[in-house]
Structure formats: C-alpha cells, structure tokens
Amino acid sequence: MSNVSRRSLLKAAVSGATLAALPSVTWPQENAPIKRKGNIRQSVSRWCYQKIPLEELCKYAVEIGLKGIDLLNPDEFDVPPRYGLICCMGYAGGGDIGSAMNRIENHARIEEGFRKNIPLAAKAGVPNVITFSGNRRGMSDEEGARNTILGLNRVKKIAEDHGVTICIMCDHSTWGVQVVQAVNSPRVKLLYDIYHMQIMEGDLVRTIQENIDWIGHFHTGGVPGRHELDATQEVQWDGVMRGIAATNFGGYVAHEFVPLHDPLTSLRRAVDLCDV
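Scoring rules and cut-offs
- Here, residues in each chain are numbered from 1, in the same order as that chain's written sequence.
- Owing to the predicted nature of the model, reporting of local features is limited to residues with pLDDT of at least 70; listing and counting of side-chain atom pairs is limited to 80 or more, with chain, interface and lining totals taken over all residues.
- Each side-chain value is worked out from all heavy atoms of the structure, with water and hydrogens disregarded.
- Numbering of helices and strands runs from the N terminus; a helix is a DSSP stretch of H or I covering at least four residues, while a strand is a stretch of E covering at least two.
- Using a 1.4 Å probe on the protein chains alone, a residue whose accessible area is under 20% of its type maximum counts as buried, one over 50% counts as exposed, and one in between counts as partly exposed.
- Calculation of accessible area relied on Shrake-Rupley with a 1.4 Å probe; when residues are assessed, cover is drawn exclusively from the protein chains displayed.
- Residue-level confidence of the predictor, termed pLDDT, takes values from 0 up to 100.
- Any pair of residues with heavy atoms lying within 4.5 Å of one another is described as a contacting pair.
- Within this scheme a cavity is a closed region of a 1 Å grid, computed over the protein atoms alone, that accommodates a 1.4 Å probe without allowing it to escape, whereas a pocket is open but has protein on both sides within 12 Å along at least five of seven lines; lining residues each have an atom within 4 Å of a point.
- Grid points are joined across faces, edges and corners, and a volume is the space filled by probe spheres set on the points.
- Residues are grouped as follows: Ala, Val, Leu, Ile, Met, Phe, Trp, Tyr, Cys and Pro are nonpolar; Asp, Glu, Lys and Arg are charged; every other residue, Gly included, is polar.
- Stacked, tilted and edge-to-face are the three classes applied to pairs of Phe, Tyr and Trp rings, where Trp contributes its six-membered ring and a pair requires centres within 6.5 Å; stacked means planes under 30 degrees apart, edge-to-face means over 60, and tilted covers the rest.
- Two conditions define a charge located above a ring, namely a distance within 6 Å from the ring centre to NZ of Lys or CZ of Arg, and an angle within 35 degrees of the ring normal.
- In this description, a nonpolar core means a group of buried Ala, Val, Leu, Ile, Met, Phe, Trp, Tyr and Cys residues linked to one another through side-chain atoms lying within 4.5 Å.
- Note on method: axes are straight lines fitted to C-alpha atoms, helices fitted across the in-contact stretch only, with angles between N-to-C directions ranging 0 to 180 degrees.
- When describing relative orientation, an angle under 35 degrees is termed roughly parallel and one over 145 degrees roughly antiparallel, while 65 to 115 degrees is termed roughly perpendicular and anything else oblique.
- For a crossing to be left-handed, the near helix must be turned anticlockwise from the far one by less than a right angle; the clockwise case is right-handed.
- Throughout this description, the term salt bridge denotes a Lys or Arg side-chain nitrogen within 4 Å of a carboxyl oxygen of Asp or Glu.

**Examining the overall build of the protein chain**
Then step 1. If you tally the helices and strands in the protein chain, you get ten helices and eight strands.
Then step 2. Of all 276 residues assigned to the protein chain, the portion counted as buried reaches 54%.
Then step 3. Here the protein chain has roughly 11700 Å² of accessible surface; of this, 50% comes from carbon and sulfur atoms.

Structure follows, in structure tokens:
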C-alpha cells in the first residue's frame, strides 16, 4: 500500500498530537436514541476519538443511532455490548498497514494472533477482524498477491471455524478482488476504505456495486485530509451510501475520519448525512 495520510494520522493519534488539537467536548444529556432508516448500518472507528473515553463514546453512539464501534482491541470487545452495540471490526493480530500479508515472514505471527484472538472475537460477537496487504517497498503486485493469497489461505479456516470474517485492506480494488477470489472463502473479504479508494482510483459507486460480493466492510473519511464528511470534501457521501444501499449490503459502514471541529457534532452530522 502507498504511504497515505491514514498512517501518519494513526501515529499522531497514538502520540496525542492530533488529539491535543481537538477542542474540548461537552458531554450531551442522555436523550432518546435517534431512530435511523436502517439502510446503512453505521459505526465509528475508535482511534479517531481516543480523547473520549470508550464508555462515553458508546453512550453517544447509541444516542445518535449507531450500531457499533470499530477497531477495538480484544480486551475492549466486551464494552460495546453493555450498551446494546457490537464491536463491528476488531484488531486480532493481523499486522498493520506497513507490514502484513504480502510478506511471507509475517505469516506465522499473523496466524498466531488470529488463533488467539479470533475465538475471542467470536465469543464477543465481533463479526470482522482486520488485516492488511502491507506496503510494497519495491515488491511487485504479482508477488504481493501470491504471498497474500498464501497468507490468507493459511488462516482462513480459523475464521471459517469461528464464523468471523477476515477483512483485508489494500490500495486497489482490482488487486484486492483478485486476491480474495483466489482465496475463495466466505470468511475472507475486502475492507473497502472509501477514503483510500477515492484517492487511488475513484469511480466509487460502480466499483462497489460490481464487487459487493467480495466486500465485507466499509470505512469513510473526507477527501482530502481524512476529516469531516462535509461540503469541503470531494466525495458526495449520500450518493455513495445510496449506491451501497442499492446492493442490500448487510454489513457495516464505519466512520473513520479525524474531526477538525467538535468531535461529537462532526460525528452526528456524518451519521445524518449517511442515513439514506
């Protein structure tokens, strides 16, 4: 995968640099949950809101009609169910953006992580776990695909046995579809990151609709910058959501943007926009 801003934002979020720039938030009064249309089941990625305690994020998620929280660690899997939510996608030792499935030397470590954590995900009702193709660093796409297919074939039975889907993130949909088709498991699919795909290839709705059978999960993020889904961004988000809804997609669309403004207000507006 190419080095795009998600990786730097992740590092900044972990270090606190991005979070320190966020304005202070005022916790909302508890209100009756907003009833959503249900055509798009929406979630929110934890790492974008790390300044907000997870319990508080779950409470607010319920209020605004979200169905879950994305990208939690195994020791956090049991928190969303306390609020009637699920962890829609979990970390399970699947590597990271820079180093994952496209390098054979990573396969044993990833398998070990999945053998330990996928059963925990299944027990907690987590439907998806994440892995990555990994950065090329000079590797050809053909070699990367061969290696990734080997790696996914090595772990797919773990996912199949526990009813959990491994979702792999890569930077071009054609490459990713070819990989998951070769693996040919109902429990290995693509994580289609709309932010990345808009930057790398565009043509979002047609690509999604043609490949929906191989897509297990979606992430959002405003282009450019991975910030709010608002009028400064080039993606027509309600149009993309209608394109997804037209396929009768039964999975989740998780918001993965780093707010520049009040984080709770920005999240609520994104959920409103995508509730088509």
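**Description of the confidence of the model for the protein chain**
Parts of the model with low pLDDT should not have their predicted coordinates read in detail.
Then step 1. Predicted confidence across the protein chain gives a mean pLDDT of 91, with 89% of residues reaching 70 or more.
Then step 2. Taken as a whole, residues 1-29 scores under 50 in pLDDT and shows 65 contacts with residues more than four places along the chain or in a different chain.

**Quick look at the layout of surface pockets**
Regions of empty space are outlined by a rolling probe, equal in size to a water molecule, passed over the atoms.
Then step 1. A volume near 160 Å³ is recorded for the second largest pocket.
Then step 2. In this structure, the second largest pocket is lined by R41, P127, N128, T165, P186, R187, K189, I215, G216, G250, G251 and Y252.
Then step 3. Across the lining of the second largest pocket, the residue classes break down as four nonpolar, five polar and three charged.

**As for the packing of aromatic side chains**
Then step 1. In this structure the tally under the stated criterion is three aromatic pairs.
Then step 2. Measuring from centroid to centroid gives 5.7 Å for Y192 and F218, while their planes differ by 65 degrees, and the two rings are edge-to-face. Of this pair, Y192 sits in strand β6 (residues 188-193) while F218 is found in strand β7 (residues 215-220), placing the two residues 26 residues apart along the sequence. Comparing Y192 with F218, the two get one shared label, buried.
Then step 3. When the ring of F218 is compared with that of F249, the centres are 5.0 Å apart and the planes differ by 80 degrees; the resulting orientation is edge-to-face. Here F218, found in strand β7, pairs with F249, found in the loop between α9 (237-245) and β8 (252-255); they are 31 residues apart in sequence, far enough to count as distant.
Then step 4. Three or more aromatic residues link up through ring pairs in this structure, and these residues are Y192, F218 and F249.
Then step 5. The ring of Y252 has R41 lying over it, and the distance from NZ or CZ to the ring centre is 4.2 Å.

**Points about the nonpolar core**
Then step 1. Counting residues in hydrophobic clusters, the biggest one holds 78 residues, and the most contacted among them are I69, F114, I194, F218, M241, I244 and L267.
Then step 2. Aside from chain neighbours lying at most four places away, what touches I194 is L204, F218, H219, W237, V240, M241 and I244.

**Observations concerning the packing of helix α5 (residues 141-162) against helix α6 (residues 173-183)**
Then step 1. At a minimum axis distance of 9 Å, the contact between α5 and α6 shows a crossing angle of 40 degrees. As the angle between them shows, α5 and α6 are arranged oblique. Read as a crossing pair, α5 and α6 show a hand that is right-handed. Where α5 abuts α6, its residues D141, G144, A145, T148, I149, L152, N153 and K156 lie against W175, V179, A182 and V183.
Then step 2. Classifying every residue of the contact of α5 with α6 gives seven nonpolar, three polar and two charged.

**Structural notes on the pattern of salt bridges**
Then step 1. Inspection of the entire model under this criterion finds 16 salt bridges.
Then step 2. Put simply, R136 and D171 hold a salt bridge, and the shortest N to O gap is 2.8 Å. Pair noted here: R136 is in the loop between β4 (128-132) and α5 and D171 is in the loop between β5 (165-169) and α6, with a separation of 35 residues, a long-range link.
Then step 3. Accessibility expressed as a relative area gives 26% for R136, which makes it partly exposed.
Then step 4. The salt bridge involving R242 is made with D238; its shortest N-O contact spans 3.3 Å. Of this pair, R242 and D238 both sit in helix α9, separated by four residues, roughly a single helical turn.
Then step 5. Ionic contacts of the salt-bridge type, sharing partners, join the residues R36, R268, D272 and D275 into one network.

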